[in-house]
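# Structural description and commentary
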Amino acid sequence: MADFEVIGAALTADPISEDDAIAAVEGAEAGAVVSFRGVVRNHDGGKAVERLSYTAHPTASKAMLEVVATLRGEHPEETGHPVRIWAAHRVGDLKVGDVALVCAVAAAHRRQAFTICSELVDRIKAGVPIWKQQLFSDGSVEWVGANEPMFRRTRRPDTQTRAEKLPS
């Protein structure tokens, strides 16, 4: 198995820095550093988004670590060099343009770094119990992820369905 070093895996109410994430995983043996920054956008489903609020289950921090452990078991050692991972997801109120999720992965080769970073993002979104409340400019509200039982949120991301809209 690849030697995975988890530099950070956290939920935070504080702003997240992609630059800090990249700096945390970089190393002399890493030929590739890949990062992802998820930003609150101003629209969803044809409606204008005003702001979001993320709520996490008390087990969400543990789930973040389990996501990394699962990746560790699925990626055989290809290079003999460590893979470093850093991930953080915001909780609380965010406005359009705020960073909600940052992931960074350093590996010896680009393909491994891209693959692991992409899977990390997908699995955090699918398997970590974080719910998003979207507040639209027309005054309506939508919860994303709240109607899905926890066991459904741990399935592969490509089998996920969008949560039904709740009445406002």
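Before any of the text, the structure's been laid out above.
Summarised in this report is the structure supplied together with it. (Residues numbered from 1 in each chain as written. Predicted model: local features only at pLDDT ≥ 70, side-chain atom pairs only at ≥ 80, totals over all residues. Heavy atoms only, no water.)

## Observations regarding the packing of aromatic side chains
Rule in force here: Here the aromatic set is Phe, Tyr and Trp, taking the six-membered ring for Trp, and pairing holds for ring centres within 6.5 Å; pairs whose planes are under 30 degrees apart are stacked, those over 60 apart are edge-to-face, and all others are tilted. Two thresholds decide whether a charge sits over a ring: the Lys NZ or Arg CZ must be within 6 Å of the ring centre and within 35 degrees of the ring normal.
Under the definition given, this model contains zero aromatic pairs. Across the ring face of F136, the terminal group of K47 is positioned such that the distance to the ring centre comes to 4.4 Å.

## Looking at the nonpolar core
Filter applied, for reference: We call a set of buried Ala, Val, Leu, Ile, Met, Phe, Trp, Tyr and Cys residues a nonpolar core when their side-chain atoms join them within 4.5 Å. Think of it in three bands: residues with accessible area under 20% of the maximum for their type are buried, residues over 50% are exposed, and the middle band is partly exposed, with areas taken using a 1.4 Å probe on protein chains only. Helix and strand assignments follow DSSP, with helices taken as H or I runs no shorter than four residues and strands as E runs no shorter than two, numbered in order from the N terminus.
Counting 31 residues, the largest nonpolar core has I85, C103, V105, L120, I124 and V128 as the members making the most contacts within it. Counting only elements with at least two residues in this core, the list comes to β2 (32-39), β4 (47-56), α2 (60-74), β5 (83-90), β7 (99-107), α3 (110-127) and β8 (130-136). Membership of the second largest hydrophobic core comes to ten residues, among which are A21, V25, V102 and A104.

## Some details on the sheet that holds strand β1 (residues 4-12)
Worth spelling out the cut-off: Only strands that DSSP links by at least two bridges are regarded as paired with each other. Note on geometry: axes are lines fitted to C-alpha atoms, helical ones only across the stretch in contact, with angles between N-to-C directions running from 0 to 180 degrees. By the convention used here, residues are in contact when the closest approach between their heavy atoms is within 4.5 Å.
The strand order across the open sheet formed by four strands is β1-β5-β7-β2, and the pairing between neighbours is mixed. The outermost strands of the open sheet, each flanked by one partner alone, are β1 and β2. Neighbour to neighbour, the strand axes of the sheet diverge by 5° on average, direction disregarded. Pairing analysis gives six bridges linking β5 to β7, with the strands arranged antiparallel. Residue pairing across strands places H89 opposite L101, the latter belonging to β7. Each of β1, β2, β5 and β7 is contacted by helix α1 (residues 18-25), which is oriented at about 20° to β7, the strand it contacts most.

Just geometry here; none of it tells us what the structure is for.
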